[in-house]
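Below are the chains, spelled out letter by letter.
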Amino acid sequence: LKTLQAPNWQRGVSPAMHEPNKGLVVGGRKVADVVGLVEKELLRWQCGRYTHITRALEATDRGIIHLQTIFSKPVQEQPVPIAVACVYFHYDTQKQRLTYQFEQESVLHTVGGQSLADGKFEGWIDRIIGDKLQVRQLHDLATPFESTRLKPPSEHTAFPGVPAAAPEEAESAPGEDDIYVSEMYPVATGKESLPLGTLLVNIFDAADEENEWELTHKEVADLLYATPLGLADWDIKLLLTSATELDSGRIQWQPFVEQAPEIIDALLRRRADYEAKQQSNVHVIPEAVELCYGEEIAEVARAAGEAFSQLDGGGKGTLTRNEFRQCLLTRAERFSMMEVQMLMQMCTEDDIGQVPYDEFNILLTQLRIDALHNALVETEVANLRVHLILLSRREGMMDTVVPIWDLRNLLLNADQLCLSRMQIHVILMIVHPDEYGDVDYEYFLRVCCTVIPQMFDKAAIKEKAEMIAKEKADLQAKQELEELQGITGGLATKTRRSDEEDQEDVQANAPDRDAVEKALIGLGHQADEKHRAQPSLEVRKFLEAMRHETVQAQQLSDAELRGFIAEAEIDNQEIAYVDHIKTWVPILFELRRSRVYDGILSKDWGFDAPNLISLAEYEADFPLREPSERGDAEFCDGSRPSSAASSRRGGGAGRHRRPTSAARGRTPTGTGRNDALKRKNSLKGTSGGGRPGSRGDGRGRLNRANSDRSDSSVDSRASRRSGGGANRPESRGSRPSSRVR
């Protein structure tokens, strides 16, 4: 078994950024189950005076899972312990045997066999840490930094931006947050546990040896993984996405630490709610993802590989973190912004921030598996609906009718949904706009809340993979049978072969990719009266051209045509049609080969389609058009931390949002056309004279969010504390990012 995150545990490399996914199955056993076996054994050791953390380091081809448990005693005076004790566990999935060894000792203990006597484990760990401390004292290994920075802080010490507590406040009784943190983070201080915020400040300040208020991304990640926060691996990566990463790959840790406690609280509560509601425990294995998304992942990896190779002129096989991110952002047709953010947290990196890209396809496969196993918002209709409504308010979409291009940008900006770029394209294919490109937003919500949970249904994905595997096996058996029958011949074989040849002739007569590109570009040239160096068409003329009989001759389905139009980039009411055609026609043909979206694309998703779910039951909890007392939108308990970071920081290095169509020069004119929204396949209707994508003054408004919503999460609290979100920069051609600007 080849894993993405597989450092050699024998080298003692920090596994913070390389931890195998706990949902990974090795030799029929999940990594999470093996971690549970280790924790069960540790309970028997009775090491109550120590804090410990257990994580997987590596899964080998032989079915061996290597794990590490770190024992330490962090205290207020030294939140980063000088010495720790490491125990390495090894689980053999074939023999179902768990063994372990202390540090680099050669003695291998067996759980349930030869081992230490009961009650001796804590003393053994005391000996290991004591030996380390004694060696340190004998050799005087303390650095000047440790001699000064790790001294107990003075009574009124305060960090920049963090006001010092008044004496009476410091002596007051612990509040609700302190009680909550003391339950989650049992850090012994002699009197009471440290609040999480103070603990994190101490840890990060101790790690910042040069007093630069910046740490590398790897250093921040290592600190988070080493701190017992109680978060799942996916949630720690989500927490990291809320940090402002500079072009240098470094993170300003102080603002990140200030907002981290709220985000951690929201992540813990959301994870608990998700696990409580989960009915089945279906696990999607890499083979199933390969069967369903293999060709799609291969094409995405190929496109990204071309970008990597172009930037890596020396051919060394690595890029800086900023270069790696920029390559992903340049492929806007292949990656959603959430995919880029999560890939930046999942990619491996060395101590100088270099990221290898030779196994990028494996990284994409792991991302798809993790997204399916952590669909906390995608599978909850109530949270999904609230998130989309709040996104529309944050993007300034105040009309009940919204241009399809703005809805595309909204999905690309969805920082709670780990939608792949192809999944977003499929949603755009099934949404029915009117002939001007406008979509009723309530109808759009119903489509999304119906389709997105289906896209993340693990049981359906598993069933689809089994069906594809069976079809491939049947096809192979059929081909082998035909080879045998071809030797003996027969009338039935000749008749069947004749029918198959007729079907192949029909497929051969259909225009191929190159023919479709050539025909559409020629049609664009005919409609282009300006003949500029960079060919472009006004949106109105582009929509008219898409209704031309030449397009119908290319045998594009209605869904393919809707998706093709929705993906057009509009700049000052102009569409660069040549680039658009060369980019998206190949993707249309790629999608034809995919089987995973057949069940969605084969259904009717028109305005009155019976398979659309009703959202009326959620209106009372979170009204679509309820007035708000404050302007800032708030997030539900299912929010991700990024929005909080966005509202606090008015800007960030290297982060931009994809501008909406309105921001690129849309002129809101025209009259209401609500009746047209109910027509199916209206893109082939009569040509209208109004401005495409226009908004009528008489339409209803999507009102601002109710900021008093009691179950709003960290995003709303951060927004209230900062006084509202900062203005977001908009630049041409930039990728959407609702997280860090």
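Here the structure is shown first, and the text comes after it.
Residues numbered from 1 in each chain as written. Predicted model: local features only at pLDDT ≥ 70, side-chain atom pairs only at ≥ 80, totals over all residues. Heavy atoms only, no water.

Peer 1: Pulling in residues and values, what's your account of the pattern of salt bridges?
Peer 2: In total, this model carries 39 salt bridges according to the counting rule given. For E245, the salt bridge identified is with R325, shortest N-O distance 3.2 Å. Taken together, the residues span a long stretch of sequence, with E245 in the loop between α8 (233-241) and β9 (250-252) and R325 in helix α11 (residues 321-330) at a distance of 80 residues. On the basis of relative accessible area, E245 is assigned to the buried category, the value being 2%. Looking at R325, the relative accessible area reads 3%, which means it is buried. (Salt bridge = Lys/Arg side-chain N within 4 Å of Asp/Glu carboxyl O. Helix = DSSP H or I, 4+ residues; strand = E, 2+ residues; numbered from the N terminus. Buried < 20%, exposed > 50% of the residue type's maximum accessible area, 1.4 Å probe, protein only.)

Peer 1: An account of the packing of helix α16 (residues 421-430) against helix α24 (residues 577-593) is requested, with residue identities and associated values reported.
Peer 2: Close contact between α16 and α24 brings their axes to 12 Å; oriented N to C, the two are set at 90 degrees. Here α24 runs roughly perpendicular to α16, going by the angle between their axes. Residues R421, M422, H425, V426 and M429 of α16 pack against W584, I587, L588 and L591 of α24. A breakdown of the residues in the contact of α16 with α24 according to their chemical character gives seven nonpolar, one polar and one charged. (Axes fitted to C-alpha atoms, helices over the stretch in contact; angles between N-to-C directions. Parallel < 35°, antiparallel > 145°, perpendicular 65-115°, else oblique. Contact = heavy atoms within 4.5 Å. Nonpolar A, V, L, I, M, F, W, Y, C, P; charged D, E, K, R; others polar.)

Peer 1: Quick rundown of the environment of Q114? Include the residues and the values.
Peer 2: By the element assignment, Q114 lies in the loop between β7 (109-110) and α2 (121-139). Residue Q114 is classed as exposed on the basis of its relative accessible area, which comes to 70%. For the pair Q114 and T99, spaced 15 residues apart in sequence, the C-alpha separation works out to 9.8 Å.

Peer 1: Kindly report on the sheet that holds strand β4 (residues 64-72), identifying the contributing residues and their values.
Peer 2: Strands sit in the order β3-β4-β5-β6-β7 across an open sheet of five strands; the sheet is antiparallel. The strands lining the two open edges of the sheet, one partner per strand, are β3 (51-59) and β7. Examined bridge by bridge, β3 and β4 share eight bridges and lie antiparallel to one another. Bridge assignment links E58 to a residue of β4, and that residue is H66. Across the sheet, helix α1 (residues 31-45) touches β3, β4, β5 (85-92) and β6 (97-102), and the angle it forms with β4 is around 40 degrees. (Pairing = 2+ DSSP bridges.)

These figures capture arrangement, not role.
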